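Working through the structure, step by step
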Amino acid sequence: MKSDNILVVGAAGQIGTELVPALRRIHGDLHVVAADLRPLAKEKKSAGPYVQLDVLNYGALATLITRYDINQVYLLAATLSAIGEKDPHRAWDLNMQSLLNILDLAREKRLAKVFWPSSIAVFGPDAPRTACPQDAVKSPSTVYGISKAAGEQWCQYYWNKYRVDIRSLRYPGLISHSAPPGGGTTDFAVDIFHQAVRHQKYTSFLPADTCLPMMYMSDAVRATMELMEAPANRLLVKTSYNLSAISFTPAQVAKSIARYIPAFTIDYAPDNRQSIADSWPSSLDDSAARNDWHWDHEYELAGITRDMLLHLVTGTELSLSGITDLLSPISL
Ligand code: NAD
Ligand code: SER
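A few points on the structure. Here the structure is a predicted model, which is why all the values come from computation and not from measurement.

Regarding the packing of aromatic side chains
Going through the model one piece at a time under the given rule, you end up with 11 aromatic pairs. The interplanar angle of 40° and the centroid separation of 5.8 Å between the aromatic rings of tyrosine 74 and phenylalanine 115 together place this pair among those described as tilted. With tyrosine 74 in strand E4 (residues 72-75) and phenylalanine 115 in strand E5 (residues 113-115), this residue pair connects regions lying 41 residues apart in the sequence. Of the two residues examined, tyrosine 74 and phenylalanine 115, each falls in the buried class. When the centroid spacing of 6.2 Å and the interplanar angle of 40° are considered together, the rings of tryptophan 293 and tryptophan 295 count as tilted. The class for tryptophan 295 is buried, based on a relative accessible area of 2%. One aromatic cluster in this structure is built from Trp154, Tyr157, Tyr158 and Tyr162. The ring of tryptophan 159 has arginine 163 sitting right over it, with the charged end atom 4.3 Å from the ring centre.

Spelled out as structure tokens, the structure:
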């Protein structure tokens, strides 16, 4: 059987940094091509091919797909919510044209499958705040959310009209230790761990009680790969699946960190990202994903905290008074 040849565009970002190695473990280093606008960071020794490329350059994308005989594309390049508000037209241009380029190439080159992430940002103030349903009304309040909501409709259109097999997840805020986040509203949930390890204090740009849906990166990567492996006839949602794990507030993650770093303190200086967070649901109903392709998350807040701190303290000179707790097994 012919092997899959996979292209990941936006591979140097928060998700790509963990998704590319995970795909390479399954498909082999040479079968997963990583591409990004940024040059490969010197410290990141790539096991497989890495190509510097602008996803807005249709011709360069087409050449790459032919050269590597690509049959699956994961499109991760985008401008995230907070940065998008600083230059809405630029965010719209990147988020929409990148998707249209990949959808057209998928049709033209008869790609087997495409993955494109959507976001909780498709929902706005008119959607239910808790357990937001799969088909809740979408009234996004950011250009990022508008681009994701429109993108979902394009995905469905290309399926209906051209039978392009495009699979999509509405990721919650993603937490990882391998790469910095790319300028979203949920970035506090990553920054707080870095600052806790470096300075034992954090100033949150969201208020203490703002609750948002979150997920550990290893769960998000697994969800992505499970969705892409699922039989096509089980995937009834042709826009994007709600995907959920846990929800927490800045105060709750601070408390979880203080279990290991008792000196850790948090204060609050909310900025314009608060209004973005306030427009999003605090939890999602992802029963369609759980029913259709048996999605289930692994990591709860305690497990995320422990794993983040374990990775981030490694190699630092910090000696945590709770380090023995870090090393003792707990429920994820
Ligand atoms: P990121 O900002 O960390 O990474 C995006 C990557 O795309 C960057 O490495 C950037 O250099 C690259 N890029 C930007 N413009 C490009 C271009 N013109 N051509 C090629 N590459 C380009 O983002 P991420 O967090 O990895 O998110 C990836 C996708 O997942 C995005 O679509 C995002 O909207 C979605 N998503 C992320 C989260 C999250 O919490 N991280 C949540 C929901 C959805
Ligand atoms: N984590 C993303 C953001 O905050 C949500 O899609 O922009």
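Considerations on the pairing of strand E1 (residues 6-9)
Burial of the side chains of E1 extends over both faces: Ile6 and Val8 are buried on one face and Leu7 and Val9 on the other. The sheet contact formed by E1 and strand E2 (residues 32-36) spans four bridges and is parallel. What sits directly across from valine 9, in E2, is alanine 35. Pairing geometry for E1 and E4, over four bridges, is parallel. Opposite valine 8, over in E4, you have tyrosine 74 as the bridge partner.

Reading the values: the criteria
- Along every chain, residues carry numbers that run from 1 in the direction the sequence is written.
- Chain A is the first chain written and ligand 1 is the first ligand written, with later ones labelled in order.
- Restriction of local features to residues with pLDDT of at least 70 applies here, the model being predicted, together with a cutoff of 80 or more for giving and counting side-chain atom pairs; totals for whole chains, interfaces and linings are based on all residues.
- Values shown for side chains rest on all heavy atoms present in the structure; no hydrogens or waters enter the calculation.
- Classification of ring pairs rests on two measures: the distance between centres of Phe, Tyr or Trp rings, Trp counted by its six-membered ring, which must be within 6.5 Å, and the angle between planes, read as stacked under 30 degrees, edge-to-face over 60 and tilted in between.
- The helix and strand labels rest on DSSP assignments: H or I over at least four residues marks a helix, E over at least two residues marks a strand, and numbering proceeds from the N terminus.
- Whether a residue is buried, partly exposed or exposed follows from its accessible area with a 1.4 Å probe, protein chains only, as a fraction of its type maximum: under 20%, in between, or over 50%, in that order.
- Note on geometry: a ring has a charge over it if NZ (lysine) or CZ (arginine) is within 6 Å of the ring centre and within 35 degrees of the ring normal.
- Two strands qualify as a pair provided that DSSP identifies no fewer than 2 bridges between them.

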